[in-house]
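# Working through the structure, step by step
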Amino acid sequence: MAKIDKIEVQERVTKVAMEMIMKYGLRGLNMVELAKECSLAKATLYKIIGTKEDLIRQIAFRIFEVNFIKMLEPFRLIDDPVKATKDFLDNYFDYAIQAQKILVQQIYKEYPLIEKEVDEKFKSETEFVTNRYREWQKNGEIRQDINVEYCIDALQHLNEFYVTEQYSEEETIARLRASFTCVLRGMGIEI
């Protein structure tokens, strides 16, 4: 199999596996069904993906990239703290909750080492956002009398709490939206 073909097949396998997980949960990822869905022999599937854990790691990073890095783009592209925050929240609440629940409630519980690997990237991205808010604070665009790190930390803990609870997706979004609004308004960001 040519290198390009292998990469294309690996992308397809990862995409189909991620769809299976999103639809049926982590326990619904059956390697025989995955091979069949991708028109591959089971042995070929394992040659392409390595182990099931390797595949899950790829999926965890894909969820992270799609749902966090992409969601944080407004902080890289927009100079207005209100607009950047609103764009982030709209994207986050519209797309990220279901995937994040799978990542936190299923993948991390089953594969704790993957959580550590993804967490390193998460810390780096969070530091960028924190620095962005510090910059806005320095420029007088958000309240001067708050501790940005504490506020970001509070948002992360609120997120972690609601995502790990057994609320429906809609209830999780409603609770997070209300909680985030309180913290962000306290920072001087009228959303």
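See the structure shown above.
Description of the structure in this document. (Residues numbered from 1 in each chain as written. Predicted model: local features only at pLDDT ≥ 70, side-chain atom pairs only at ≥ 80, totals over all residues. Heavy atoms only, no water.)

## Comments concerning the overall build of the chain
Keep this limit in mind: Here a strand is any run of E in DSSP of at least two residues, a helix any run of H or I of at least four, and the numbering for each starts at the N terminus. Between buried and exposed lies partly exposed: a residue is buried under 20% and exposed over 50% of the maximum accessible area for its type, with that area taken using a 1.4 Å probe on protein chains only. Only heavy atoms enter the contact rule, under which two residues are in contact if any of them lie within 4.5 Å. Computed by Shrake-Rupley with a 1.4 Å probe, the accessible areas treat only the displayed protein chains as cover when residues are assessed. For the purpose of charge, His is not counted, nor are the chain termini; Lys and Arg are scored as positive and Asp and Glu as negative. Charged side chains are reduced to one point each, which is NZ for Lys, CZ for Arg, CG for Asp and CD for Glu.
Looking only at helices and strands, one finds nine helices and zero strands in the chain. In the chain, the succession of α and β elements from N to C terminus is α-α-α-α-α-α-α-α-α. Overall size of the chain, expressed as C-alpha extent along the three principal axes, is 60 × 35 × 25 Å. In the chain, which comprises 191 residues, the share counted as buried stands at 42%. In the chain, once contacts between residues fewer than 6 apart in sequence are set aside, the share between residues at least 24 apart is 66%. By element, 52% of the accessible surface of the chain is carried by carbon and sulfur atoms, the whole surface being about 10,700 Å². The positive charge centre, built from 28 side chains, and the negative charge centre, built from 33, are 4 Å apart in the chain.

## Topic: the packing of aromatic side chains
To keep things clear, this is the line we draw: Stacked, tilted and edge-to-face are the three classes assigned to paired rings of Phe, Tyr and Trp, where Trp is represented by its six-membered ring and a pair needs centres within 6.5 Å; plane angles under 30 degrees give stacked, over 60 edge-to-face, the rest tilted.
Summed over all chains, the structure comprises eight aromatic pairs. Judged by centre distance (5.6 Å) and plane angle (50°), the rings of Phe75 and Phe88 are tilted. Highlighted residues: Phe75 in helix 5 (residues 73–77) and Phe88 in helix 6 (residues 81–110), separated in sequence by 13 residues. For the pair Phe75 and Phe88, a shared accessibility class is recorded, and that class is buried. Judged by centre distance (6.0 Å) and plane angle (45°), the rings of Tyr162 and Tyr167 are tilted. The exposure class of Tyr162 is buried, given its relative accessible area of 12%. Counting every residue linked through ring pairs, the aromatic cluster contains Phe75, Phe88, Tyr92, Tyr133, Trp136 and Phe180.

## Here we look at the side chain of Glu125
Tracing the backbone shows Glu125 in helix 7 (residues 112–138). For Glu125, a relative accessible area of 12% translates into the label buried. In this view, Glu125 contacts Phe64, Ile69, Leu72 and Arg76; residues no more than four positions away in its chain are not counted.

## Some words on helix 8 (residues 148–164)
Since the α-helix turns once every 3.6 residues, residues separated by three or four places project in the same direction. So the rule is basically this: Take the number of residues in a helix, subtract one, and multiply by 1.5 Å to get its expected span. Regarding the arc, it is the one traced by the directions from the helix axis to the C-beta atoms. Polar contact criterion, stated in full: a pair of N or O atoms within 3.5 Å, where within protein one must be able to donate a hydrogen and the other to accept it, and residues adjacent in sequence count only if both atoms are side-chain atoms.
With 17 residues, helix 8 extends 24 Å between its outermost C-alpha atoms, agreeing within 8% with the 24 Å of an ideal straight helix rising 1.5 Å per residue. If you check which residues of helix 8 are buried, you get Val148, Cys151, Ile152, Leu155, Asn159, Tyr162 and Val163. When helix 8 is viewed along its axis, its buried side chains cluster within an angular range of 100° and face the same direction. Taking the backbone nitrogen of Glu149 as reference, a side-chain oxygen 3.0 Å away marks Asn147 as the first, capping residue of helix 8.

## Some thoughts on the environment of Phe180
Within the secondary structure, Phe180 sits in helix 9 (residues 169–186). Each C-alpha atom, one on Phe180 and one on Asn159, is 8.6 Å from the other, the two residues being 21 residues apart in sequence. Among all residues touching Phe180, those that are not within four sequence positions of it are Leu89, Phe93, Leu155, Leu158 and Asn159.

## Here's the deal with the nonpolar core
Heads up, the rule is: By convention a nonpolar core is built from buried Ala, Val, Leu, Ile, Met, Phe, Trp, Tyr and Cys residues, the set being connected through side-chain atoms within 4.5 Å.
Counting 61 residues, the largest nonpolar core has Leu29, Leu34, Leu55, Ile107, Tyr133 and Met187 as the members making the most contacts within it. Residue assignment for this core shows that the elements contributing at least two residues are helix 1 (3–24), helix 2 (31–37), helix 3 (42–49), helix 4 (52–69), helix 6, helix 7, helix 8 and helix 9. Broken down by element, the residue count for this core peaks at twelve residues, all from helix 6. Beyond its immediate chain neighbours, meaning those up to four positions away, Leu55 contacts Val13, Thr14, Ala17, Leu29, Met31, Leu34 and Ile49.

## Description of the packing of helix 8 against helix 9
Keep this limit in mind: Structural elements are reduced to axes, namely lines fitted to C-alpha atoms, with helices fitted over the stretch in contact, and the angle between N-to-C directions of any two is expressed from 0 to 180 degrees. Here the word oblique covers every angle except those under 35 degrees (roughly parallel), over 145 (roughly antiparallel) and from 65 to 115 (roughly perpendicular). For a crossing to be left-handed, the near helix must be turned anticlockwise from the far one by less than a right angle; the clockwise case is right-handed. The nonpolar class holds Ala, Val, Leu, Ile, Met, Phe, Trp, Tyr, Cys and Pro. Asp, Glu, Lys and Arg form the charged class, and all remaining residues, Gly among them, are polar.
Here helix 8 crosses helix 9 at 170°, and the two axes come no closer than 10 Å. Considering their axes alone, helix 8 and helix 9 lie roughly antiparallel with respect to each other. Between helix 8 and helix 9 lies a crossing of right-handed hand. Between helix 8 and helix 9, the contacting residues are Cys151, Leu155, Leu158, Asn159, Tyr162 and Val163 on the first element and Thr172, Arg175, Leu176, Ser179, Phe180, Val183 and Leu184 on the second. In terms of residue class, the contact of helix 8 with helix 9 is made up of nine nonpolar, three polar and one charged.

Read these as layout, nothing more, since geometry by itself doesn't imply function.
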